[in-house]
Amino acid sequence: MPEMPVLSGLPVLGCLPELRRDRLGLLLRAYREGGDMVRVPIPGRRLYIGTSPSIATAALRQEASRFMKFFALAKLSRPVLGDGLITAEGAHHRRQRKLIAPGLTRREVGRYAEVMARHADELQRRCTAGTTVDVHAEMTRLTLAIASETMFGTSAEAHARAAGDAIHAATSYIARGVGSLVNLPLSWPLPRHLRMRRAVATLDRIVYDIIRDRRSAGRNGAPGSDILGMLLAAQDEEDGTGMTDDQVRDEVMTLFVAGHETTANALTWSLYLLDHHPDVAERLAEEATAVLGGRPPTLEDLPALPYALQVFKEAMRVFPPAYMVGREATEDAVVDGWEIPKGATLLLSIYGLHRRPDLFEDPERFDPDRFAPEREQALPRGAYVPFADGPRVCIGNHFALMEGQIVLAHLAQHVRLRTRTQPVVRPQPRVTLRPATLVALTAERRAG
Ligand code: HEM
């Protein structure tokens with residue numbers, strides 16, 4: 001076996017300060033100085049960073065059974081997400097995944113195109129000429145509204161505000177915890193713990209109310225109407241059992257939390273990059289206008305809007321919302337020829353992979369043509385993995401791609417979101433990769 005390079009670091013703390021202070025810098029340095037796989041010295045933990053397509057594929061697919069989710073994230077998320085797909089492991093994860101996956105295939109999510117287009121249309125109407133838009137806040141609002149309606153139909157309308165605030169509070173708690181070294185138990189009465197517990201109680205009340213309503217109205221079996229209907233109706237083929245209310249609650253929370261912030265970040269970065277690349281923005285607007293002539297896109301329009309999808313994919317290459325994926329080895333593993341001992345943590349550097357110059361020429365450059373179909377097909381497996389891969393690949397990937405394509409195409413034909421100065425906004429790695437500072441763009445209306 002090749003000898004594993006060890007990344008340079010401080011005498012006692014190793015790379016820990018850098019991991020906390022400049023995580024993206026560390027991910028890039030790991031590949032630049034160490035190559036495909038490096039050991040990262042930090043106190044009390046064996047930590048590795050992998051940055052190659054074959055390592056990503058091996059860890060996430062072939063060797064997936066020797067790894068589990070990164071412990072810290074799972075532990076912090078559990079009060080909100082319970083035993084939903086993100087935190088579940090082993091047989092329970094497999095069962096839940098089998099129950100839920102059929103409802104989120106590319107074909108199935110097509111039914112939500114209309115909801116996405118309608119919310120995108122409301123947003124473009126609000127962007128009157130001269131309005132300054134806080135892009136991240138708007139995209140978060142948009143993705144929450146879409147998540148809420150696709151999840152609950154109209155049952156949640158009355159609770160939209162309270163649920164939105166509570167999800168925001170819960171997500172902030174998890175984000176803060178992941179960035180900290182020590183996390184005190186949630187039962188300790190610190191103000192942020194109380195806020196978190198209140199948020200979970202609010203969400204529980206809303207979600208259980210809606211579930212009870214549906215079950216008592218006998219509308220269990222209304223799959224097709226919304227994602228909750230699909231969860232309530234899902235049945236295990238082998239034993240015919242479905243999900244309990246608690247399981248449905250956990251999966252609802254999980255889909256909400258996993259789905260809205262990631263997609264909001266991907267859209268925010270897309271609009272930011274479009275501001276910095278007016279030529280790309282023009283081409284996107286031309287495509288959208290030629291196909292749609294001003295009306296919101298439908299499911300049938302999507303094949304005719306390839307450039308909108310390419311823009312979204314390329315934005316997720318440059319700024320992948322899930323910039324790394326963490327795994328812990330539950331037994332000794334060999335990943336693409338590298339030994340990873342039991343108990344060690346392996347970080348798959350999606351950010352680093354997407355910026356490898358041998359995979360993506362001139363990787364800092366935003367160029368949606370990289371995702372023209374023939375060029376995308378030529379990429380090696382594991383080179384572009386914004387949704388990870390293998391048995392735990394993002395279950396919402398078709399949903400997210402469709403949402404991105406619809407929102408970008410529809411906004412592009414009506415508004416140009418720009419700044420005069422095109423300030424550089426840096427990415428901030430929390431649970432997801434978000435903008436470190438405000439992305440404020442001013443709306444100009446397009447003619448027609
Ligand atoms: C641009 C948007 C999105 C990105 C970049 C993204 C990325 C990811 C990634 C990388 C994972 C794997 C994490 C790991 O294995 O450690 C994941 C898992 C997951 N995602 Fe997404 N996601 C997005 C949108 C969504 C949406 C819209 C939904 C829900 C409708 C969703 C639901 C989930 C769930 C439930 C999991 C856990 C799957 C499992 O472990 O079986 N995601 N996502």
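Just so you know, these numbers come straight off a predicted model, no measurement behind them. (Residues numbered from 1 in each chain as written. Predicted model: local features only at pLDDT ≥ 70, side-chain atom pairs only at ≥ 80, totals over all residues.)

Visitor: Now, about the overall build of the chain: what can you tell me, with residues and values included?
Guide: Each helix and strand in the chain was counted, giving 17 helices and twelve strands. The C-alpha atoms of the chain give 22 Å as radius of gyration, which agrees with the globular expectation for 448 residues (22 Å, within 12%). When its C-alpha atoms are laid out on the principal axes, the chain stretches across 60 × 55 × 45 Å. Taking all 448 residues of the chain together, the buried fraction comes to 46%. Here the analysis covers contacts within the chain between residues at least 6 apart in sequence; of these, 76% occur between residues at least 24 apart. (Helix = DSSP H or I, 4+ residues; strand = E, 2+ residues; numbered from the N terminus. Rg over C-alpha atoms; globule rule 2.2 N^0.38 Å. Buried ≥ 20, exposed ≤ 12 C-beta atoms within 10 Å, placed from the backbone. Contact = placed C-beta atoms within 7 Å.)

Visitor: Just give me the short version of the site of the ligand, but keep the residues and values in it.
Guide: Surrounding the ligand, one finds 23 residues, the nearest of these being G259, T262, A322, C394 and G396. Those elements that place two or more of their residues in the shell around the ligand are α12 (245-276) and α17 (397-414). In terms of residues, the shell around the ligand owes the most to one element, α12, which gives seven residues. (Near = placed C-beta within 6 Å.)

Visitor: Could you give me a rundown of the environment of R212, with the residues and numbers involved?
Guide: Locating R212 in the fold gives a position in helix α10 (residues 191-216). Separated by 41 residues in sequence, R212 and M253 place their C-alpha atoms 16 Å apart.

Visitor: Could you give me a rundown of the nonpolar core, with the residues and numbers involved?
Guide: Counting residues in hydrophobic clusters, the biggest one holds 131 residues, and the most contacted among them are L284 and A308. Broken down by element, this core gets its largest block of residues, 14 residues, from α12. Not counting the four nearest positions on each side in its chain, A308 is found in contact with L284, E287, A288, Q405, L408 and A409. (Core = buried A, V, L, I, M, F, W, Y, C linked by C-beta atoms within 7 Å.)

Visitor: Which residues make up the sheet that holds strand β1 (residues 37-42), and what values do they have?
Guide: Read from one edge of the open sheet, five strands run β1-β2-β8-β5-β3, paired in mixed fashion. Both edges of this open sheet fall to β1 and β3 (67-69), since each of them pairs with a single strand only. Pairwise comparison of adjacent strand axes, ignoring direction, gives a mean angle of 30° for this sheet. In this sheet, strand β5 (residues 324-329) lies alongside β3 in antiparallel orientation, the contact comprising three bridges. By the bridge assignment for β5, M68 is matched with E328. Those strands touched by helix α3 (residues 53-62) are β1, β2 (45-50), β3, β5 and β8 (345-349), and its axis lies near 130° from that of β8. (Pairing = 2+ DSSP bridges. Axes fitted to C-alpha atoms, helices over the stretch in contact; angles between N-to-C directions.)

Visitor: Just give me the short version of the sheet that holds strand β4 (residues 132-134), but keep the residues and values in it.
Guide: Strand order in this open sheet of three strands is β4-β12-β9, and the pairing throughout is antiparallel. At either margin of the open sheet sits one strand with a lone partner, and together these are β4 and β9 (415-418). On average, adjacent strands in this sheet sit at an angle of 35° to one another, irrespective of strand direction. Direction of pairing for β9 relative to strand β12 (residues 440-445): antiparallel, over a ladder of four bridges.

Visitor: Go over the packing of helix α14 (residues 306-318) against α17, please, and point to the residues and values.
Guide: The contact between α14 and α17 brings their axes to 8 Å, and the two run at 115°. Note that α14 runs across α17; the crossing there is right-handed. Of α17, the residues touching α14 (which contributes A308, L309, V311 and F312) are L401, G404, Q405, L408 and A409. When its residues are assigned to classes, the contact of α14 with α17 shows seven nonpolar, two polar and no charged. (Left-handed = near helix turned anticlockwise from the far one by under 90°. Nonpolar A, V, L, I, M, F, W, Y, C, P; charged D, E, K, R; others polar.)

Visitor: For the environment of E237, give the residues involved together with the corresponding values.
Guide: Among the secondary structure elements, E237 is positioned in the loop between α11 (227-233) and α12. Its 7 C-beta neighbours within 10 Å are what place E237 among the exposed residues. Considered as a pair, E237 and K98 are 139 residues apart in the sequence and their alpha carbons are 9.2 Å apart.

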